[in-house]
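Each chain is listed here by its residues.
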Amino acid sequence: MSTNKTLIRGARVLGGQERDVLIEGETISQVGTGLDAAGAVVVEAAGQVLLPGLVDLHTHLREPGREDSETVLTGTRAAARGGFTAVHAMANTFPVADTAGVVEQVWRLGQASGYCDVQPIGAVTVGLEGKQLAELGAMHDSAARVRVFSDDGKCVDDAVIMRRALEYVKAFDGVVAQHAQEPRLTEGAQMNEGVVSAELGLGGWPAVAEESIIARDVLLAAHVGSRVHVCHLSTAGSVEIVRWAKSKGWNVTAEVTPHHLLLTDELVRSYDPVYKVNPPLRTDADVMALREALADGTIDCVATDHAPHPHEDKDCEWAAAAMGMVGLETALSVVQETMVDTGLTDWAGVADRMSHRPAAIGRLAGHGRPVAPGEPANLVLVDPAYRGAVDPAGFASRSRNSPYAGRELPGRVTHTFLRGKATVTDGNLA
């Protein structure tokens, strides 16, 4: 793009009235009607919704170590296609992101990609082994300025280690993001424990395995006066625990994935490993509880848990298949389907749950800001009237393990802007 001015004309800002938005350089300079388009690239956006750029608190970019499934470049390209201007990269790479050197490597790869900002998440324990705290302070003091720490993929199940981590990160306003899974209760588990698991003869993954860890951790966070964040909350019981903790005024936040807002364990009857995920798909009652909790703010945000896997790790028998689904390029569509089109929230609510709150939890400056003059031009345009079938073959991600292949979903990201630069135009990578 040769000009540093872009005029987005006639967009419905946060789903409200149509407005023109003028971007000059990296910043929104004007918001109004009938703005002068002289010297600007004009994006005709009548009927489209303009939101602040989306922020993902939970992305697996796989680099370093598993570049066969994703790289920082391909993952950020997928993120831009999905309307994200910033993602938090989980630490379960090879080597694990448990030192300043590894988190800086991921951060610099993100800077080089140019498609969205990458904020590394540091491991809580060395090698994700749950035995010894990682270099939390060194990772925070590094160029990456890590503020979120997680052993995601594994639970910090030792209460003493978890307490120490919460105490440590409190010094620099960090947060521990917990993968809530009591390991002894999920040994051999293959899917949600319930009627379907009993009928299929697959090892059950009980809701209490998640809920017991969340209950312990909100109590620990309250005890030490620190921040805890619950990753991929998936059960109605977990919702009630988080709701209770928030009623106490404790510093607890939680996320839900798009797939837990839409899909249920009934899909496992197909034995298709594309539906194998951690935590597992739950019941319809859980799905309804999660939607209501996201709508009322008990659950703070939507996070994709984008988990790419190569073909050979998913195209096999159920028991041997890897857990996880890609989600960056379909997240906004699923949220429109489950939350907006059902009337549970509006587009301003989507901006809050997918941009403002995740940016605030991650203490991510420059993202999650209002669409207003003087603010960074991190923006996404979405056409809510669009509806079409998901085709993973067209994904920007290196992996194709999407549970939505062939399913019709609403909404289409047409443009994404990162600090005023178009990373996606007319639905295609710029």
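You'll find the structure just up there.
Residues numbered from 1 in each chain as written. Predicted model: local features only at pLDDT ≥ 70, side-chain atom pairs only at ≥ 80, totals over all residues. Heavy atoms only, no water.

Q: Honestly, the side chain of Arg216 in this entry has me stumped. Any pointers?
A: As for its position among the elements, Arg216 is in helix α6 (residues 207-224). Only 2.8 Å separates the side chain of Arg216 from the side chain of Asp217, close enough to count as a polar contact. Beyond its immediate chain neighbours, meaning those up to four positions away, Arg216 contacts Val156, Asp157, Asp158, Ala159, Met162 and Gln178. (Helix = DSSP H or I, 4+ residues; strand = E, 2+ residues; numbered from the N terminus. Polar contact = N/O pair within 3.5 Å; in protein donor to acceptor, adjacent residues only side chain to side chain. Contact = heavy atoms within 4.5 Å.)

Q: Help me understand the pairing of strand β2 (residues 18-24), please; the structure alone is not making it clear to me.
A: A regular strand carries its side chains on alternate faces of the sheet. Note: strand β1 (residues 5-13) against β2, six bridges, orientation antiparallel. Counted as the bridge partner of Thr6 is Ile23 from β2. Hairpin connection, β1 to β2: the antiparallel pair is bridged by four residues, and Leu14 has positive phi, about 55 degrees. Between β2 and strand β3 (residues 27-32), which pair antiparallel one after the other, the connecting turn spans two residues, and Gly25 there sits at a positive phi close to 65 degrees. (Pairing = 2+ DSSP bridges.)

Q: What exactly am I supposed to notice about the sheet that holds strand β10 (residues 175-178) here?
A: Pairing between the strands of a sheet is mediated by backbone hydrogen bonds and can be parallel or antiparallel. If you walk across this open sheet you meet the five strands as β9-β10-β13-β14-β15, and the pairing is parallel. The outermost strands of the open sheet, each flanked by one partner alone, are β9 (148-149) and β15 (301-302).

Q: Even after reading the chapter, I still don't get the environment of Leu109, so can you show me in this structure?
A: Position of Leu109 among the secondary structure elements: in helix α2 (residues 100-113). Along the backbone, Leu109 and Cys301 are 192 residues apart, and their C-alpha atoms lie at a distance of 26 Å. If we skip the residues at most four places from it in the chain, Leu109 touches Glu63 and Val72.

Q: Got a minute to help me understand α2 in this structure?
A: Every α-helix winds through 3.6 residues per turn, so residues three or four apart in the chain are directed the same way. Over its 14 residues, α2 runs 20 Å from end to end, which matches the ideal 20 Å to within 8%, given 1.5 Å per residue. Taken together, the buried positions of α2 are Ala100, Val102, Val103, Val106, Trp107, Gly110 and Ser113. Of the residues trailing α2, Gly114 is marked for its positive phi of about 80 degrees. (Expected span 1.5 Å × (residues − 1). Buried < 20%, exposed > 50% of the residue type's maximum accessible area, 1.4 Å probe, protein only.)

Q: Would you mind going over the pairing of strand β5 (residues 49-52) with me for this structure?
A: Going residue by residue along β5, you find Val49 and Leu51 tucked away on one face and Leu50 and Pro52 tucked away on the opposite face as well. Sheet topology places β1 next to β5; two bridges connect them, and they run parallel. Each residue of the ladder has a partner; that of Val13, found in β5, is Leu50. Across four bridges, the pairing between β5 and strand β16 (residues 379-389) is antiparallel. Residue pairing for β16: Leu50 is matched across the bridge by Leu381.

Q: What am I meant to see in empty space enclosed by the protein here?
A: In this approach, a probe sized like a water molecule rolls over the atoms, and the result shows the empty space that is left. Evaluated as defined, the whole model comprises seven cavities of 30 Å³ or more. For the largest cavity, the calculated volume is near 50 Å³. Lining the largest cavity, in full, are Pro52, Gly53, Thr85, Gly366, His367, Gly368, Arg369, Pro370, Val371, Pro376, Asn378 and Leu379. Within the lining of the largest cavity, the residues separate by chemical class into five nonpolar, six polar and one charged. Reported here for the second largest cavity is a volume of approximately 40 Å³. Lining the second largest cavity we find His306, Val326, Gly327, Leu328, Glu329, Thr330, Phe395, Ser397 and Ser402. Partitioning the lining of the second largest cavity into residue classes produces three nonpolar, five polar and one charged. (1 Å grid on protein atoms, 1.4 Å probe; cavity = no way out; pocket = protein on both sides within 12 Å on 5 of 7 lines; lining within 4 Å. Points joined across faces, edges and corners; volume = space filled by probe spheres on them. Nonpolar A, V, L, I, M, F, W, Y, C, P; charged D, E, K, R; others polar.)

Q: Whenever I open this one, the packing of helix α7 (residues 236-247) against helix α9 (residues 284-296) confuses me. Can you help?
A: Each packed pair of helices is defined by two parameters, the angle between the axes and the distance between the axes. Axis separation between α7 and α9 bottoms out at 8 Å; the angle between their running directions is 30 degrees. By the angle class used here, α7 and α9 are roughly parallel. Together, Ala236, Val239 and Arg243 of α7 and Asp286, Ala289, Leu290, Ala293 and Asp296 of α9 make up the contact between the two elements. Per-class residue counts for the contact of α7 with α9 are five nonpolar, no polar and three charged. (Axes fitted to C-alpha atoms, helices over the stretch in contact; angles between N-to-C directions. Parallel < 35°, antiparallel > 145°, perpendicular 65-115°, else oblique.)

Q: Would you mind going over the side chain of Glu63 with me for this structure?
A: In this fold, Glu63 is placed in the loop between β6 (54-59) and α1 (72-81). Arg398 provides the closest opposite charge to the buried, unpaired Glu63, separated from it by 8.0 Å. Here Val72 takes part through its backbone nitrogen, which lies 2.9 Å from a polar atom of the side chain of Glu63. Residues contacting Glu63, with those up to four places away along its chain left out, are Glu70, Thr71, Val72, Thr93, Val106 and Leu109. (Lys, Arg positive; Asp, Glu negative; His and termini not counted. Salt bridge = Lys/Arg side-chain N within 4 Å of Asp/Glu carboxyl O.)

Q: Is there a simple way to think about α9 in this case?
A: Helix length check: α9, at 13 residues, gives a terminal C-alpha distance of 19 Å against a target of 18 Å (1.5 Å per residue), a fit within 8%. The set of residues buried in α9 consists of Asp286, Val287, Ala289, Leu290, Arg291, Ala293 and Leu294. The inward-facing, buried residues of α9 contact α7, β14 (252-256), α8 (258-262), β15, α11 (331-340) and α12 (347-361). A positive phi of about 95 degrees marks Gly297, the residue just after α9.

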